[in-house]
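Structure assessment
The chain contents come next:
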Amino acid sequence: MSLTKDFQLGKISLAEGDYCVAASRYQEAKQEYLTAISTFDNILSSFPNEKLVAFHKGMVLAKLADVQLNLSQNIEAHQSYLEAITTYDKVLSIYPDDINIVNNKGIALLNFADLQLKLSQKLEAKKSYQEAINTFGDVLSFLPNDVPTLKNRGYAQKCLSELLLALSQKDEAQKYCQTAINTFEYILTLSPNDIITLSNKGLSLAIFGDLYFESTQHAQGEKKYIESINVFDYILGLYPNDVFTLYNKGLILTKLGALQFNQLRAIEAEKFYQEAINIFDSILNISPNTVYVIKKKVYTLFSLAKLQLNLSQPKEAQQSYEAIIAAFDYMLPLSPNDFFIYYYKGVTLLNLAELQLDFLQQVQESQQSCQGAITAFDNAIFLSPNNPDTFIKKGQALSKLAYLQLKLSQPLDADKFYQEAITTFDNALSLSPDNLDALNDKAQVLSELIDVYLGTSKILQAQQSCLEAIILIDHTLSILPDDIYTLFRKGQVLESLVDIQLKLSQPLMAQQSCQEAVVVLKRVLSFLPDDIDLLEKNGKMLQKLADIELHLSQPLEAQESYQKAIVIFDNVLSLSPDNISVLTNKGITLIKLLDLQLNLSQPLEAQESYQKAIVIFDNVLSLSPDDLYALNNKGYILKRVAELQLELSQHFKAQKFYQEAITIFDRVLSLSPDNIYALNKKGETLWSLGRLFKNLSQSEKAFQSYQAALIVFENSLTLLPDDTYLQNCREHLQQIVTIWTKV
């Protein structure tokens, strides 16, 4: 073997590879570099300590890695960088003071760290950056003012500080960030207008701003961002059309806008976002097809749209979303296989659909946006079929489209889209079984389907949707047992299930579901003990449980449940004394308890319940004097109390309460002449009063009451002519009045 000849052949392949790289012929460059490496390996097999050959091998391996990165062969590049570093280490074990080799190792470590970061190997990247910094430090111990090495070390320090911030190691991040800035400032004393160094200093100042922003030290963060922008403005004074500098200034303006938005300084935030967008547009005027700039403009428009929604500017937000979609459509011919573009176009269209529906009442336009989003997500799925997030977003778009079909009174189409959404969420769960977004979104769709099925009288399908939703919710709770939102949703679904089971004549199952709902709501209340709506819902659920227990002939259990409900309503009223809804629910519960106590022959307890119920409805009527529901309930209570007085042989008291009840029902009918409940209860009360007068041998008063009752039921029949109960009442009273007239 001729060492010199073979070495020259290796160098020729290296040079050919460099030429192909310059011509962007990366596949050819890769082959030339592989040939060079093979040649150097042959030499080193015979001359293992040949420093120059080993040095060139390390250099070619590093260049090969760069080419593999350009070919998107990240794993192969990872291996090549590793081999390059290993090769340099072998040479340095023999020649530890060779500055060129040390420097090249540092560069390889730096590029290797960048790749590890790209591959989400953050801890490995941290180690490589630290090694690179130390390696460049070794070079600088011999050449303290070597600008290229200083630049590399400063860049490594900047990258490491950014990584440490991402790892939430803020103290270390701050230390390396300040060190990087010091390095760049030292370089600028040697080379004052070095554009790369100025740019890196500006970016390092921005990292400082990020550190302060995350630490909620907003004033310091704002100061650092402004210092960063000043650096980029200085560069632009030297190079007005430098695209990289303009881009970096736009980035920092976007960050500054986000900081202002976080501080609720909306006007300032909007100003910075608009400035950033103007800068990105100026870059695109210079270089129209720069995809990464368009993407950053899109990101800033997203932030601006969010701000505009917070400022109640839906039209302006709509314009921002439309600008984003136009940007994506412009990018697609430039980058047709870019997953990012399709995915975020779908996200934007979905956001636009929600805006059009919720703020602008544009139902048809919202429908079109949903359909566009689904198409975009389908393209994204084609490019990346194993990404669960894309399936989740597509499922959300399908469920939104289903909801829109309901708005358009098309329940069959809604059912179809809901089913497609469920299939899509199942695809996401097959890729990521514990994905909370997929679990929650599928449960939400099943919850909405319950109402669809109930509206179309598909009771069994509604029941199945409830049961499937509960399974998903329980899966979520096995991962997040204290998630309030999920617990609350379970309570809602159980409530629907109770109603369905009652419709299907499944009282025992309804009782079990109701008991479970009470337990779930109690669990939620352990986190939100003073939530008025939750407390009221818990009281109503206990009231419903008592109703079911009565139906199952469990009167004592029902009595206990009613009493528990009353205690809860009292808790709510201690927080909100004039809450009409809660007052009414407590009053209704007391009425039901009163009825039960009368049936259980508990006259004293019933009397106490009636007194409390009257107080409750008087409170409601003091707040809302013409509340028909409260008036009817008060009338009903007075009628029931009259019946209680009869059981206690308190005839004159009974007469008084009957007459008070009639007065109340007359009050309702003066406000609402066709109120069927008031008519019927007035008729029943007059009939009962007639019986009382008859038993007291007050014949004329009895006859008058019967006649009045008959007239009331005849009025009711004009409203409900086919009602069997009313027909029977009229017929029976007619017989009584006829007989009485003859007598």
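A brief report on the enclosed structure follows. (Residues numbered from 1 in each chain as written. Predicted model: local features only at pLDDT ≥ 70, side-chain atom pairs only at ≥ 80, totals over all residues. Heavy atoms only, no water.)

Re the overall build of the protein chain
Counting its regular elements, the protein chain contains 31 helices and 0 strands. With respect to the principal axes defined by its C-alpha atoms, the protein chain has extents near 140 × 50 × 45 Å. For the protein chain, the proportion of contacts with a sequence separation of at least 24, taken over those separated by at least 6, is 62%. Side-chain charges of the protein chain comprise 63 positive and 85 negative groups, with the mean position of each set lying 2 Å from the other. (Helix = DSSP H or I, 4+ residues; strand = E, 2+ residues; numbered from the N terminus. Contact = heavy atoms within 4.5 Å. Lys, Arg positive; Asp, Glu negative; His and termini not counted. Charge placed at Lys NZ, Arg CZ, Asp CG, Glu CD.)

Observations concerning the side chain of Asp 627
Summarising the element assignment, Asp 627 is placed in the loop between α26 (603-623) and α27 (628-647). Buried charge Asp 627 goes without a salt bridge, the closest partner of opposite sign being Arg 667 at 11 Å. Of note is the side chain of Asp 627, whose polar atom sits 3.0 Å from the backbone nitrogen of Tyr 629. Apart from residues lying up to four places away in sequence, Asp 627 is in contact with Ile 580, Val 620 and Leu 621. (Buried < 20%, exposed > 50% of the residue type's maximum accessible area, 1.4 Å probe, protein only. Salt bridge = Lys/Arg side-chain N within 4 Å of Asp/Glu carboxyl O. Polar contact = N/O pair within 3.5 Å; in protein donor to acceptor, adjacent residues only side chain to side chain.)

Some details on the environment of Asp 6
As for its placement among the helices and strands, Asp 6 is situated in helix α1 (residues 3-22). When the C-alpha atoms of Asp 6 and Val 668 are compared, they prove to be 110 Å apart, with 662 residues separating the residues in sequence.

Things to note about helix α21 (residues 484-503)
The terminal C-alpha atoms of α21, which comprises 20 residues, lie 29 Å apart, in line with the 28 Å expected from a rise of 1.5 Å per residue. Residues Thr 486, Leu 487, Arg 489, Lys 490, Gly 491, Val 493, Leu 494, Leu 497, Val 498, Ile 500 and Gln 501 constitute the buried set of α21. Buried residues along α21 sit in contact with α19 (436-455), α20 (459-479), α22 (507-527) and α23 (532-551). Phi turns positive, to about 55 degrees, at Ser 505, one or two residues after α21. (Expected span 1.5 Å × (residues − 1).)

Some thoughts on the packing of aromatic side chains
Centre-to-centre distance and the angle between the planes together describe a pair of aromatic rings. Evaluation of the coordinates by the stated rule reveals 13 aromatic pairs. On the numbers, 5.6 Å between centres and 25 degrees between planes, the contact of Phe 339 with Tyr 343 is stacked. Of this pair, Phe 339 and Tyr 343 both sit in helix α15 (residues 339-358), 4 residues apart, roughly one helical turn. Measuring from ring centre to ring centre gives 5.7 Å for Tyr 610 and Phe 657, while their planes differ by 80 degrees; the resulting arrangement is edge-to-face. With Tyr 610 in helix α26 and Phe 657 in helix α28 (residues 651-671), the pair connects residues that are 47 residues apart, well separated along the chain. By way of ring pairs, the aromatic residues Phe 328, Phe 339, Phe 340, Tyr 343, Tyr 344 and Phe 377 are connected into one cluster. If you follow Lys 296 out to its NZ or CZ, it ends over the ring of Tyr 299, 4.6 Å from the centre. The residue whose ring lies beneath Lys 656 is Phe 657, and the NZ or CZ to ring-centre distance is 4.6 Å. (Phe/Tyr/Trp six-rings, centres within 6.5 Å; stacked < 30°, edge-to-face > 60°. Lys NZ or Arg CZ within 6 Å of the ring centre and 35° of its normal.)

Some words on unusual backbone geometry
Positive phi outside glycine occurs at Ser 168, with the angle close to 60 degrees. On the secondary structure map, Ser 168 appears in the loop between α7 (147-166) and α8 (170-190). A positive phi angle, near 55 degrees, is found at Thr 216, a position not held by glycine. Inspection of the secondary structure puts Thr 216 in the loop between α9 (195-214) and α10 (218-238). Using a relative accessible area of 57% as the deciding quantity, one classes Thr 216 as exposed.

Brief notes about the packing of helix α17 (residues 388-407) against helix α18 (residues 411-431)
Here α17 crosses α18 at 165 degrees, and the two axes come no closer than 8 Å. The angle between α17 and α18 places the two elements in the roughly antiparallel class. In this structure, the crossing between α17 and α18 has a hand that is left-handed. The class makeup of the residues in the contact of α17 with α18 is 16 nonpolar, 6 polar and 3 charged. (Axes fitted to C-alpha atoms, helices over the stretch in contact; angles between N-to-C directions. Parallel < 35°, antiparallel > 145°, perpendicular 65-115°, else oblique. Left-handed = near helix turned anticlockwise from the far one by under 90°. Nonpolar A, V, L, I, M, F, W, Y, C, P; charged D, E, K, R; others polar.)

These values are about where atoms sit, not about what they do.
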